[in-house]
Amino acid sequence: MIERTPILDAVTHALMLLGLVLAALPIVVVFVASTHDLATVNRVPMPLWPGDHMAENYARVWDKSRFGEKMLNSLIVATGVTVGKITIAALSAFSIVYFRYRLRMVFFWLIFITLMLPLEVRIVPTYAVAADALQPFRVIAGGFGLELGIPQINLLNSYAGLILPLVATATGTFLYRQFFLTVPDELAEAAKMDGAGPMRFFIDVLIPLSRANMAALATIMFVYAWNQYLWPLLITTDQKMATATMQLQKLVPGPLFGQPPLWNEAMAATLMVMAPPLLVVVFMQGWFVKGLVASDK
Amino acid sequence: MADIGIRSVSKSYGRQPVVHGIDLDVRSGEFVVVLGPSGCGKSTLLRMIAGLEEITEGEIAIGGRVVNMLEPRERGCAMVFQNYALYPHMTVAENIGYALKVAGTARDERRRRVREVAATVGLDEFLDRKPGQLSGGQRQRVAMARAMIREPKVFLFDEPLSNLDAKLRVQMRIEIRKLHNRLGVTSVFVTHDQIEAMTLADRLVVMNAGRIEQAGTPEDIYRAPASRFVASFVGSPPMNLIDAVVDEAGGIVIGGVALPVPHRLAAGRKVTAGIRPEDVVLSDGGELRSDVDFVEELGSVRLLHGRLNDVDFVVQVAAADRRATGALAFTVPPKRIHLFDADTGLRIEHDTPVAIAAE
Amino acid sequence: MEKRAAFSDLRLAGALIAPQLLLVFVFFYWPAAQAVYWAFTTQPPFGGSNEWVGFQNFEQIFTDRVYWNSVGVSFLFAGLSTALSVGMALLFALFVDRRLTGYRVHRFIYFWPYAVAAPAVGLAFRFIFAPEAGFVSAVNQWVPGLWNPALDGKDALALIVLANSWKMVAYNFIFFLAALQSIPRPLIEAAAMDGAGVLRRARDIQFPLLAPTFFFLLVINVTESFVDSFGIVDITTGGGPARATDLMVYKIYSDGFKGLDYSMAAAQSIVLMGVVIVLTFIQFRYVERRVHYS
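Residues numbered from 1 in each chain as written. Chains lettered and ligands numbered in written order. Predicted model: local features only at pLDDT ≥ 70, side-chain atom pairs only at ≥ 80, totals over all residues. Heavy atoms only, no water.

### Section: unusual backbone geometry
Residues and elements named next belong to chain B.
Reasoning step 1: Along the chain, Ser-236 connects to Pro-237 via a cis peptide bond; the corresponding omega equals -5°.
Reasoning step 2: On the secondary structure map, Pro-237 appears in the loop between α8 (228-233) and β11 (240-246).
Reasoning step 3: In this model, Ser-8 sits at a positive phi of 45°, which is unusual for a non-glycine residue.
Reasoning step 4: Within the secondary structure layout, Ser-8 lies in strand β1 (residues 4-13).
Reasoning step 5: Among the residues examined, Ser-8 registers a relative accessible area of 40% and is labelled partly exposed.
Reasoning step 6: Backbone geometry at Tyr-84 places phi at a positive 75°, although glycine is not the residue there.
Reasoning step 7: Mapped onto the secondary structure, Tyr-84 falls in the loop between β6 (77-80) and α2 (92-103). (Helix = DSSP H or I, 4+ residues; strand = E, 2+ residues; numbered from the N terminus. Buried < 20%, exposed > 50% of the residue type's maximum accessible area, 1.4 Å probe, protein only.)

Put into structure tokens, the structure is as follows:
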């Protein structure tokens with residue numbers, strides 16, 4: 001469109017630049033700080049150009065905090081949660097949309113209403129359940145006067161404990177349901193005519209069709225899972241099971257007597273924790289945006 | 001009212017050229033229809049007139065004033081968009097009156113003129129509705145009213161009828177033409193529908209691949225298409241196009257049958273012969289033969305589909321002619337045969353003493 | 001909506017949905033019910049089964065000035081973060097949507113912050129805004145003691161608001177931009193033909209059409225500020241100084257896991273749950289009332 005708005009254009013460019021600086025500066029500062037030695041990083045004002053201590057800072061904090069192990073844990077958890085959420089969302093939505101039974105809307109709402117129960121508001125009892133996963137069943141059986149000898153399953157300090165409570169997904173189920181509803185009825189009818197059973201139809205038709213949805217959902221779910229903090233913090237006491245994100249708590253520089261705070265190492269760790277989800281977002285930006293916008297509407 | 005001068009106008013997106021040096025003059029009060037297939041650059045041309053696209057090269061003048069650098073609002077054009085582009089959150093009255101509101105027209109004056117314009121397009125009863133509550137035809141009228149209220153110097157139409165069903169399209173087509181006859185405002189109308197183009201235009205401009213193929217009255221273009229492209233695009237059913245070679249006698253040979261033509265051509269020249277389905281004369285003694293595969297019944301006429309020289313060939317006959325499938329013999333009056341150069345696709349005129357003829 | 005072609009193997013249908021129902025029951029409904037149960041009971045100090053106490057726990061938290069402080073801080077935090085992040089995001093989205101040269105680069109980078117984990121945001125901001133090192137500390141060289149989130153409650157609150165907003169601006173930006181881009185281009189062009197300039201179009205066309213997104217984001221931001229702020233607070237301020245940043249979520253955590261007072265924590269959880277439920281209901285209402293283009 002032809003528009004002669006030089007002043008407004010200048011303002012626009014200035015504002016966009018400001019936005020860019022606001023968005024990127026904290027990340028840049030973290031990077032710059034992670035490349036200096038202890039004395040330089042604590043200088044006021046801080047230097048704006050990277051120093052030459054990058055490799056040693058990263059190596060030191062990597063060894064000291066055993067980041068290799070923790071990044072691996074984070075990766076396992078994030079992948080587990082992502083795969084779990086997608087699988088479970090697709091299966092539940094398939095059941096709700098493609099089978100006709102009376103309880104299906106009840107089930108759908110049971111899943112959907114969990115949106116109102118974020119982890120943070122049920123954190124203490126959820127922790128209690130994680131310590132004894134079959135407790136609900138034991139209590140219920142007990143209520144009927146049954147002594148079934150249900151064993152204790154302790155999920156603390158385990159991948160299952162880190163992953164399972166995060167796998168149920170209202171948004172994912174909702175998204176898949178919406179998608180399945182847009183799939184033409186004729187497809188299922190054609191599959192039936194061709195003699196395909198429900199699982200065949202699900203695997204051969206619905207899954208390939210929903211690939212785009214899956215990519216979008218996977219991107220945001222990975223970011224979500226990697227960035228989990230409160231839950232891993234609660235249920236892992238064993239350092240072997242700790243995730244990278246929760247390690248940040250240990251790296252907050254405290255007042256060490258006579259020593260400047262270890263900001264360079266803290267920032268190196270911050271950047272390492274930031275990097276994987278950021279890279280996912282950079283490489284999958286289209287899917288990420290789509291997933292985010294779709295899952296919240 | 002104003003004339004529009006388009007001089008060597010080009011448009012490229014990055015390095016991708018979409019309009020190549022167009023020259024066109026639209027006279028004041030004229031209704032010009034730009035016809036072409038999708039992607040031919042016709043909408044881009046219209047949008048350059050409107051100021052919605054920048055002009056890469058060349059010049060556009062409206063009413064004698066070069067408008068290249070003017071914003072859309074400064075050009076005095078009004079536009080009817082393909083999907084109407086009605087403001088969904090405003091009522092019909094607010095939609096129609098928005099231009100006046102922006103211009104700072106007083107509320108009472110605005111209301112009066114909105115009523116007036118709404119009455120001309122038959123929308124009086126719908127002024128308080130939102131666009132979402134209207135039918136396709138009514139939305140179309142709102143878009144028209146919104147364009148009319150500003151009393152623009154130029155009306156621009158960007159395929160405004162393409163979203164209507166067939167019946168409504170015909171009706172709106174007539175209304176638009178009537179409106180133009182009454183208001184007499186210079187109009188440029190873009191479409192890919194050749195019937196729409198033929199019926200609306202004072203002057204028709206046929207575009208292809210970013211260039212003007214031909215400009216003229218609908219009748220001229222129909223009678224004497226300037227290129228093979230125009231011949232294939234204008235007319236329904238389309239002109240039959242068949243490869244042919246010029247023989248020693250200066251006639252053309254189609255599938256072994258020699259036909260005399262009034263053109264003076266060198267022997268051996270490769271041409272494309274164009275024959276309109278309605279120009280075919282059936283006669284048992286005709287030298288051209290085709291087998292009719294099937295008959296298309298259109299009510300007013302019938303179309304006989306067959307093959308000639310290995311290409312599809314359509315013959316139009318009167319409804320009363322109850323001929324069925326089977327062998328068909330016919331001839332074509334020499335003057336009715338259009339010839340196009342096989343390489344360039346350009347028309348070869350009857351009386352053109354073509355240079356090659358001197359060989 | 002009904003699918004015409006439904007399958008009839010109900011055992012399969014049950015098996016497909018069972019895993020999710022199981023997870024939802026064990027990790028959502030049971031704990032939520034448990035929280036309710038705990039909120040109305042207390043645990044005797046030396047073990048034994050819980051004792052029903054009615055609303056006593058609630059009475060206790062509602063008469064506790066420390067709790068009200070936490071509520072106040074939470075609302076202030078939510079209000080400020082939301083205003084800041086929704087406002088900024090709207091502004092940036094409007095300008096980026098003008099699609100001037102280079103807007104793609106901006107669009108690309110603006111949503112990065114959303115991918116950064118809350119505690120990482122916290123640690124980064126803690127450093128950048130540290131009073132004795134980092135980036136902002138320079139102001140203290142001009143005016144000593146002007147900025148110190150470790151001692152000054154207002155500074156600490158400002159710090160967590162900024163950190164939270166930084167993350168949320170990115171999120172809101174994505175939504176506003178998506179909404180702006182879903183406004184059909186010809187609408188803007190029609191308005192331009194009607195004589196409206198950039199700002200006039202923003203006011204008359206874009207703002208009204210953005211209204212549903214705007215309200216949706218308001219609610220989401222408030223909800224997220226109440227619920228999802230633990231990581232930032234835990235790393236930057238730890239609720240201090242002097243409880244100036246003691247958000248409700250953080251207080252539940254510290255009462256529950258540090259103070260080991262499950263009943264108090266549970267009662268607070270129920271209150272927070274109430275807030276979230278109310279906000280979610282509002283959100284559903286707005287989601288349903290979205291403008292439809294036709």
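Okay, back to it.
### A closer look at the interface of chain B and chain A
Where interface size is quoted, it is often the accessible area lost as the parts come together.
Reasoning step 1: Contacts between chain B and chain A engage 11 residues on the former and five residues on the latter.
Reasoning step 2: Put simply, chain B and chain A have one salt bridge between them.
Reasoning step 3: Two residues, A:Arg4 and B:Glu74, come together in a salt bridge whose shortest N-O distance is 2.3 Å.
Reasoning step 4: Between chain B and chain A we count five residue pairs in polar contact (both at pLDDT 80 or more) in total.
Reasoning step 5: The residue inventory of the side of chain B that touches chain A, partitioned by class, reads four nonpolar, two polar and five charged. (Contact = heavy atoms within 4.5 Å. Salt bridge = Lys/Arg side-chain N within 4 Å of Asp/Glu carboxyl O. Polar contact = N/O pair within 3.5 Å; in protein donor to acceptor, adjacent residues only side chain to side chain. Nonpolar A, V, L, I, M, F, W, Y, C, P; charged D, E, K, R; others polar.)

### Let's talk about the side chain of A:Ser34
Reasoning step 1: Mapped onto the elements of the fold, A:Ser34 is located in the loop between α1 (6-33) and α2 (38-41).
Reasoning step 2: The contact partners of A:Ser34, leaving out residues within four places of it in the chain, are A:His53, A:Met54, A:Asn57, A:Tyr58, A:Asn264, A:Met267 and A:Ala268.

### Looking at the pattern of salt bridges
If charged atoms from side chains of opposite charge come close, those side chains can pair.
Residue and element names in this part refer to chain B.
Reasoning step 1: In total, this model carries 34 salt bridges over all chains according to the counting rule given.
Reasoning step 2: The residue Arg-27 makes a salt bridge to Glu-30 at a minimum N-O spacing of 3.0 Å.
Reasoning step 3: Note on Glu-30: relative accessible area 6%, which makes it buried.
Reasoning step 4: Between Arg-307 and Asp-312 there is a salt bridge, with its nearest N and O atoms 2.8 Å apart.
Reasoning step 5: What makes Arg-307 partly exposed here is its relative accessible area of 39%.

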